[in-house]
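Architecture and fold: a report
The chain contents come next:
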Amino acid sequence: MPCPPLKSRIKIMSSFTIHDFLNRKNEGRQITMLTAYDYPFARIVDEAGIDAILVGDSLGMVVQGLENTLPVTMDEMIYHTKMVTRAVKNAMVLGDMPFMSYQTGVNDAVANAGRFLKEAGAAAVKMEGGAEIADHIRAMTKSDIPVMAHIGLTPQSIHRMGGYKVQGKTDESAKRLIDEAHIVEDAGAFSLLLEAIPMSLAKKITEELTIPTIGIGAGPYCDGQILVLHDVIGLFERFVPKFVKKYANIREESLRAIRTFRDEIDKGIFPSEDQSFK
Ligand code: KIV
């Protein structure tokens, strides 16, 4: 029996790639990103035409109900990333390196980042940090693992930063962030995520770098934007940062549906003959 063409038998790779990140910057077209953590939502995000999906360690807060992202483990990240890559046809999937998966050394960073590509089917990883992760980025890119760096508000450093605070507000800290942006670009990062920094600073970094910047709470002058999916669709109410725009209220809609289901059982309306077998 003739073999079906290779492309129809296995998913080789997503259609959006790290090269499209760079092309978009050069063309002046925005890159759209969202987080997703499971199969049904990843399908929806992909179908909606979002360019890239980050399986963020924010899942610790919005899925697992934790106080912060620090307890999230590599195995949990792999578990969620597998569900996302299984769902996606076009979007590029990035796995987020959780706390202590790379801070312990360059070798750990390469090994753990490699798991995202090898076991979970991601195309790249994201990692929080600037100058202190330059060696990690060099080693990972040498191993063919594309890296998105992440500076500004880095939630894994919550204890050092003393909370979730806007970064780069003083001249000195702004200069440090500009330096760090150049350092991670020189180390080989294919893009840079900027979180919670003044928009004028994000504009300056975006103009100075050749790699694209993706903003979250960094204003409109970045090369692309990302938000946490559960914030965008109104599924996470515990803490809503100023930079979030809520486009739906799925929590309210789910509450309404589930309460109606409960009431209909109480009143003997569900199940009716329509939902029963003869
Ligand atoms: O973990 C995450 O979802 C992130 C985004 C906030 C960018 O890092």
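Residues numbered from 1 in each chain as written. Predicted model: local features only at pLDDT ≥ 70, side-chain atom pairs only at ≥ 80, totals over all residues. Heavy atoms only, no water.

**Focus: the sheet that holds strand S2 (residues 52-55)**
So the rule is basically this: Pairing between strands requires that DSSP locate at least two bridges from one strand to the other. For helices the rule is a DSSP run of H or I covering at least 4 residues; for strands it is a run of E covering at least 2, with both sets numbered from the N terminus onward. To obtain each axis, a line is fitted to C-alpha atoms, and for helices this fit is confined to the stretch in contact; angles are then taken between N-to-C directions over 0 to 180 degrees. Only heavy atoms matter for contacts: two residues are in contact if any of them lie within 4.5 Å across the pair.
Taken in spatial order, the eight strands of this closed barrel run S1-S2-S3-S4-S5-S6-S7-S8, and their pairing is parallel. Averaged over all adjacent pairs, the angle separating strand axes in this sheet is 25°, with direction ignored. Of the pairings in the sheet, the one linking strand S1 (residues 31-35) to S2 comprises three bridges and is parallel in character. The residue bridging Met33 from the neighbouring strand is Ala52, located in S2. Packed on one face of the sheet, helix H10 (residues 199-208) meets strand S6 (191-195) and strand S7 (213-216) and runs near 175° to S6.

**Regarding the nonpolar core**
Stated precisely, the cut-off is as follows: Side-chain atoms within 4.5 Å link the members of a nonpolar core, which is a set of buried Ala, Val, Leu, Ile, Met, Phe, Trp, Tyr and Cys residues. Working definition: with a 1.4 Å probe on protein chains only, accessible area under 20% of the residue-type maximum means buried, over 50% means exposed, and in between means partly exposed.
Phe21, Met33, Leu192 and Ile205 are the most contacted members of the largest nonpolar core, which has 75 residues in total. Among the elements that take part in this core, helix H9 (residues 171-187) stands out by supplying six residues, more than any other.

**Here we look at the packing of H9 against H10**
Formally: The scheme is simple: roughly parallel for angles under 35 degrees, roughly antiparallel for over 145, roughly perpendicular for 65 to 115, oblique for anything else. Should the near helix be turned anticlockwise from the far one by less than a right angle, the crossing is termed left-handed; should it be turned clockwise, right-handed. Each residue receives one of three labels: charged for Asp, Glu, Lys and Arg, nonpolar for Ala, Val, Leu, Ile, Met, Phe, Trp, Tyr, Cys and Pro, and polar for the others, Gly being one of them.
Where H9 contacts H10, the two axes come as close as 10 Å, and the packing angle between them is 25°. Relative to H10, the element H9 is oriented roughly parallel. Relative to H10, the crossing made by H9 is right-handed. Here H9 contributes Ala174, Leu177, Ile178, Ala181 and His182 to the contact with H10, which in turn contributes Leu201, Lys204, Ile205 and Glu208. When the residues that make up the contact of H9 with H10 are grouped by side-chain class, the tally is six nonpolar, one polar and two charged.

**Quick notes on helix H3 (residues 39-47)**
Residues three or four positions apart in an α-helix share a direction because the helix packs 3.6 residues into each turn. Defined as follows: Taken from the helix axis, the directions to the C-beta atoms give the arc we talk about.
Within the span of H3, buried status applies to Ala42, Val45 and Asp46. Each buried residue of H3 sits inside an arc of 95° when the element is viewed along its axis, so together they form one side. Every exposed residue of H3 that faces more than 90 degrees away from the buried side is listed here: Ile44 and Glu47. Elements that come into contact with the buried residues of H3 comprise S1, S2, helix H5 (74-87) and helix H11 (229-232).

**Let's talk about the domain arrangement of the protein chain**
Convention followed: Boundaries of every domain are those given by an automatic assignment or by a domain database.
Domain parsing of the protein chain yields domain 1 (9-247) and domain 2 (250-278). For domain 1 versus domain 2, the distance between C-alpha centres works out to 40 Å.

**Describing the environment of Ala196**
Along the polypeptide, Ala196 turns up in the loop between S6 and H10. Ala196 sits 23 residues away from Gly219 along the chain, and the two C-alpha atoms are 8.7 Å apart. Every residue in contact with Ala196, bar those within four places of it in the chain, is listed here: Leu153, Val166, Gln167, Ile216 and Gly217.

**Some points on the site of the ligand**
To be explicit about the condition: In this text, near means that some heavy atom of the residue lies within 4 Å of the molecule or strand in question. By the criterion applied in these results, polar contacts are pairs of N or O atoms within 3.5 Å in which, for protein atoms, one can donate a hydrogen and the other can accept it, and in which residues neighboring in sequence qualify only through two side-chain atoms. Areas reported as accessible are Shrake-Rupley estimates using a 1.4 Å probe. Residue values count occlusion only from the protein chains shown.
If you check the shell around the ligand, you find Thr35, Leu54, Gly56, Asp57, Ser58, Asp96, Lys126, His150, Leu193, Ile216 and Val228 and nothing else. The side chain of Asp96 places a nitrogen or oxygen atom 3.1 Å from an oxygen atom of the ligand. For the ligand, whose accessible area on its own is 260 Å², the fraction buried by protein is 95%. Its residues assigned to classes, the shell around the ligand comprises four nonpolar, four polar and three charged.

**Some details on the packing of aromatic side chains**
Note on aromatic pairs: each is described by the distance of the centres and the angle between the planes. To keep things clear, this is the line we draw: Two rings from Phe, Tyr or Trp (for Trp, the six-membered ring) form a pair when their centres sit within 6.5 Å of each other. Planes less than 30 degrees apart are called stacked, planes more than 60 degrees apart edge-to-face, and all others tilted. Either the NZ atom of lysine or the CZ atom of arginine qualifies as a charge over a ring when it sits within 6 Å of the ring centre and within 35 degrees of the ring normal.
Tallying each qualifying case throughout the model produces four aromatic pairs. When the ring of Phe21 is compared with that of Phe190, the centres are 5.1 Å apart and the planes differ by 90°; the resulting orientation is edge-to-face. Note that Phe21 is positioned in helix H2 (residues 18-27) and Phe190 in the loop between H9 and S6, a separation of 169 residues in sequence. Comparing Phe21 with Phe190, the two get one shared label, buried. Residue placement shows Lys203 over the ring face of Tyr221; its charged tip is 5.6 Å from the ring centre.

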